[in-house]
Amino acid sequence: QVQLVESGGGVVQAGGSLRLSCAASGRTFSSYVMGWFRQAPGKEREFVAAISWRAGTTFYADSVKGRFTISRDIAKNTMQLQMNSLKPEDTAVYYCAASKLEVAITTESSYDYWGQGTQVTVSS
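Since the structure is predicted, the reported quantities are computational estimates derived from the model, not experimental observations.

What to know about the sheet that holds strand β1 (residues 3-7)
Then, in step 1: Read from one edge of the open sheet, 4 strands run β1-β3-β8-β7, paired in antiparallel fashion. Only two strands of the sheet have a single partner each, and these edge strands are β1 and β7 (68-73). Ignoring which end each strand starts from, the neighbouring axes of this sheet average 15 degrees apart.
Then, in step 2: Where strand β3 (residues 18-25) meets strand β8 (residues 78-83), 6 bridges bridge the pair, whose relative direction is antiparallel.

Observations concerning the environment of D112
Then, in step 1: Tracing the chain through its elements places D112 in the loop between β9 (92-99) and β10 (113-114).
Then, in step 2: In this structure the C-alpha to C-alpha distance between D112 and A61, which are 51 residues apart in sequence, comes to 20 Å.
Then, in step 3: Beyond its immediate stretch of four places on either side in the chain, D112 contacts A98, S99 and K100.
Then, in step 4: Here the side chain of D112 touches K100 through a polar contact of 2.8 Å, landing on its backbone nitrogen.

Structural notes on the pairing of strand β11 (residues 118-123)
Then, in step 1: By the alternation rule, side chains of β11 split into T118, V120 and V122, which are all buried, and Q119, T121 and S123, of which none is buried.
Then, in step 2: Here β9 pairs with β11 via 3 bridges, running antiparallel. Its bridge partner lying in β11, Y94 is registered against T118.

A look at the state of the cysteines
Then, in step 1: This structure, assessed with the given rule, holds 1 disulfide.
Then, in step 2: Paired through a disulfide, C22 and C96 show a sulfur-sulfur distance of 1.9 Å. Here the disulfide of C22 and C96 is left-handed, its torsion about the S-S bond being about -65 degrees. You can see C22 sitting in strand β3 and its partner C96 sitting in strand β9, a full 74 residues away along the chain. Across the pair, C96 and C22 agree in class, each one buried.

Calculation rules
- Residues numbered from 1 in each chain as written.
- Predicted model: local features only at pLDDT ≥ 70, side-chain atom pairs only at ≥ 80, totals over all residues.
- Heavy atoms only, no water.
- Pairing = 2+ DSSP bridges.
- Helix = DSSP H or I, 4+ residues; strand = E, 2+ residues; numbered from the N terminus.
- Axes fitted to C-alpha atoms, helices over the stretch in contact; angles between N-to-C directions.
- Contact = heavy atoms within 4.5 Å.
- Polar contact = N/O pair within 3.5 Å; in protein donor to acceptor, adjacent residues only side chain to side chain.
- Buried < 20%, exposed > 50% of the residue type's maximum accessible area, 1.4 Å probe, protein only.
- Disulfide = S-S within 2.5 Å.

Okay, structure coming up:
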């Protein structure tokens, strides 16, 4: 059974940095795309970033491009999201997700497995 467990959330001041991690287990993810989504209070869940596990190709939402960096450690089966220059509007619960296919990767429904989420709060 696939399990995704996020860690690294917390409270940070605007302009600060946080590093999220997602530990994946239960199968080999070599053909998967792994992604990060977030959901702010009262808003729908939105795409943040994704990475193809095998090739390492990365994708970003315009709102985080240049500030966030997604990466993966194949040996450890983990994925990271380095978040710099954080803004109050980045405040949300951040979710790790895995998709079996590299199709429509910015779409929530394309992902087959989800973590429980980790809270990120950016104070002004």
